[in-house]
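For reference, the chains in residue letters:
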Amino acid sequence: MNGPDLVSVSMARQAQVDVVLERFFSLAKNRAAAFGPQYVQLWETLESNTVGGKRFRPRMVMGAYQSLGGTDLEAAAYVGAAFELLHTALIVHDDVIDHDFVRRGVANISGSYRDAARKAGSSEKVAEHSGISAAVIAGDLALFNSYRLIDRSGVSDVVRSRLLEVMDDALFASAAGELIDIDFSITAEVPRVDDILTMERLKTAVYSFECPLQAGAILAGASEEVIQTLGDFGREIGIAYQLVDDLLGVFGKEAETGKTTMGDLREGKRTVMISYATSTAEWESIAPLIGKHDLTHDEAEAVRQVLIDCGARSFAEGLARYYANRALARLAEPHIPPALRIELHPVVDAVLGRVK
């Protein structure tokens, strides 16, 4: 399948997932109307936080499903939408944990309700509490209904049970990873590289790669061997993806990523690069700057240069390539159908392409 064909297939899959989500939110808003306009507004705000995304996790579900011979695209779209709603729930709650009111340059749910409370005359403290409270409620609704979308997929009881188990694995692992990340943020000592990789795998890679791919395979009736290998592939490429994401959080181009390159440094985010840098002689020169809330652009540039000079950047880039190559090796297993290899090779290429 050539480039234009891949793009058209991806767009068609996204459109199918969008239809499911639009139908879901339409029904939810109609139901909420009986409880008053404020509740409808909450659902509208939650819906707006699902619009415009890349539908990455649904693409994993549907890509695995179709390349393994699945033909019930509506059922696959429901399962894909379930993982998209799970993603929405997790990022809404993650923003609450991080006390963030903005995502990708615009107000998130917390920010929207905080700003509304400010306009209504509330103090800063009360407005922030209002915003965080609304986000907790919205995240809870998204989380619960991600499971309900699995129920509405129309699949057999046996398949539905397996899919719910996979969804539960995704949430269970992500919660563990989030808790580890919180623990990292309150300890002065920078964790080891292996510990950071474990946290990132649990927090993001499991629900973004491993479980969506396995869900698509289960839905297609694939063998246990294929399901397991897809989980292995998802683990390796998911770790690579997170390594690249951390690199872009410091060295990326904000116009391309939509993400500030100051936030991770000001937060003092525990990444592989930072962990590696602590083992070098250059660490002492930037240690006081990591986690400095009022870090200036000049100071950030100085940190970036040290991360380059001490080898931290190249180490993280090399590690990302290592895990991406491990993912490719899983695709080379003899029981992986050629169509599945063709489907997933571009995923690896896209991850590696972000660090070139």
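The text that follows walks through the structure, step by step, so that each part is easy to find. Bear in mind that the values here come from a model prediction, so they are computed numbers and not experimental data.

## Quick word on the pattern of salt bridges
Argument step 1. All told, the structure shown has 26 salt bridges when counted by the stated rule.
Argument step 2. Notably, a salt bridge pairs Arg118 with Asp115, separated by 3.7 Å at the nearest N-O pair. You can see Arg118 and its partner Asp115 sitting in helix α5 (residues 109-119), three residues apart, about one turn around the helix.
Argument step 3. Residue Asp157 is joined to Arg160 by a salt bridge in which the shortest nitrogen-to-oxygen separation is 3.2 Å.

## Points about the layout of surface pockets
Using a probe with the size of a water molecule, rolled over the atoms, empty space left in the structure can be pinpointed.
Argument step 1. There is about 260 Å³ of room inside the second largest pocket.
Argument step 2. Lining of the second largest pocket is provided by 13 residues; of these, Ala28, Arg31, Trp43, Asn145 and Arg152 occupy positions nearest its centre.
Argument step 3. Those elements giving two or more residues to the lining of the second largest pocket turn out to be α1 (3-32), α2 (37-48) and α6 (124-151).
Argument step 4. For the lining of the second largest pocket, the element with the highest residue contribution is α1, accounting for five residues.
Argument step 5. Classifying every residue of the lining of the second largest pocket by side-chain character gives nine nonpolar, one polar and three charged.

## Things to note about the packing of aromatic side chains
Argument step 1. Enumeration over the complete set of coordinates arrives at ten aromatic pairs.
Argument step 2. Where Tyr322 meets Tyr323, the ring centres are 5.1 Å apart and the plane angle is 75 degrees; that geometry is what we call edge-to-face.
Argument step 3. Since its relative accessible area comes to 42%, Tyr322 is described here as partly exposed.
Argument step 4. Judged by its relative accessible area of 13%, Tyr323 is buried.
Argument step 5. Here a set of aromatic residues connected by ring pairs shows up, and it is made of Phe24, Phe25, Phe35, Tyr39 and Trp43.
Argument step 6. Sitting over the ring of Phe101, Arg114 keeps its end group 4.5 Å from the ring centre.
Argument step 7. Across the ring face of Phe251, the terminal group of Arg313 is positioned such that the distance to the ring centre comes to 4.2 Å.

## Overview of empty space enclosed by the protein
Argument step 1. A full pass over the atoms with the stated rule returns two cavities of 30 Å³ or more.
Argument step 2. As for the largest cavity, its lining consists of Asn49, Thr88, Ile91, Val92, Asp95, Arg103, Asn108, Ile109, Ser110 and Ala135.
Argument step 3. Every element with two or more residues in the lining of the largest cavity is listed here: α4 (73-98) and α5.
Argument step 4. Sort the elements by how many residues they give to the lining of the largest cavity and α4 lands first, with four residues.
Argument step 5. Counted by class, the lining of the largest cavity contains four nonpolar, four polar and two charged residues.
Argument step 6. Together, Val250, Asp264, Leu265, Lys269, Thr271, Ile274 and Ile290 line the second largest cavity.

## Brief notes about the packing of helix α3 (residues 56-67) against helix α8 (residues 193-219)
Argument step 1. Closest axis-to-axis distance for the α3/α8 pair is 7 Å, and the angle between their directions is 30 degrees. As for the relative orientation of α3 and α8, their crossing is right-handed in sense. Contacts from Phe56, Arg57, Met60, Val61, Ala64 and Tyr65 of α3 reach α8 at Tyr207, Ser208, Phe209, Pro212, Leu213, Gly216, Ala217 and Leu219.

## Some words on the environment of Tyr147
Argument step 1. Take Tyr147: it is sitting in helix α6.
Argument step 2. In this structure Tyr147 comes out as partly exposed when scored by relative accessible area, which is 21%.
Argument step 3. Distance in space between the C-alpha atoms of Tyr147 and Glu236 is 26 Å, their sequence separation being 89 residues.
Argument step 4. Once residues within four sequence positions are removed from consideration, Tyr147 is found in contact with Leu164, Met167, Asp168 and Leu171.

## Concerning the nonpolar core
As a rule of thumb, nonpolar side chains are buried together in soluble globular proteins.
Argument step 1. Counting 110 residues, the largest nonpolar core has Phe83, Leu149, Leu230, Ile237 and Leu307 as its most contacted members.
Argument step 2. For this core, the leading source of residues is α4, giving 15 residues.
Argument step 3. Leave out the neighbours within four places in its chain, and Leu307 touches Val250, Phe251, Met273, Ile274, Ala277, Ile286, Ala312 and Arg313.

Scoring rules and cut-offs
- Residues numbered from 1 in each chain as written.
- Predicted model: local features only at pLDDT ≥ 70, side-chain atom pairs only at ≥ 80, totals over all residues.
- Heavy atoms only, no water.
- Salt bridge = Lys/Arg side-chain N within 4 Å of Asp/Glu carboxyl O.
- Helix = DSSP H or I, 4+ residues; strand = E, 2+ residues; numbered from the N terminus.
- 1 Å grid on protein atoms, 1.4 Å probe; cavity = no way out; pocket = protein on both sides within 12 Å on 5 of 7 lines; lining within 4 Å.
- Points joined across faces, edges and corners; volume = space filled by probe spheres on them.
- Nonpolar A, V, L, I, M, F, W, Y, C, P; charged D, E, K, R; others polar.
- Phe/Tyr/Trp six-rings, centres within 6.5 Å; stacked < 30°, edge-to-face > 60°.
- Buried < 20%, exposed > 50% of the residue type's maximum accessible area, 1.4 Å probe, protein only.
- Lys NZ or Arg CZ within 6 Å of the ring centre and 35° of its normal.
- Axes fitted to C-alpha atoms, helices over the stretch in contact; angles between N-to-C directions.
- Left-handed = near helix turned anticlockwise from the far one by under 90°.
- Contact = heavy atoms within 4.5 Å.
- Core = buried A, V, L, I, M, F, W, Y, C linked by side-chain atoms within 4.5 Å.

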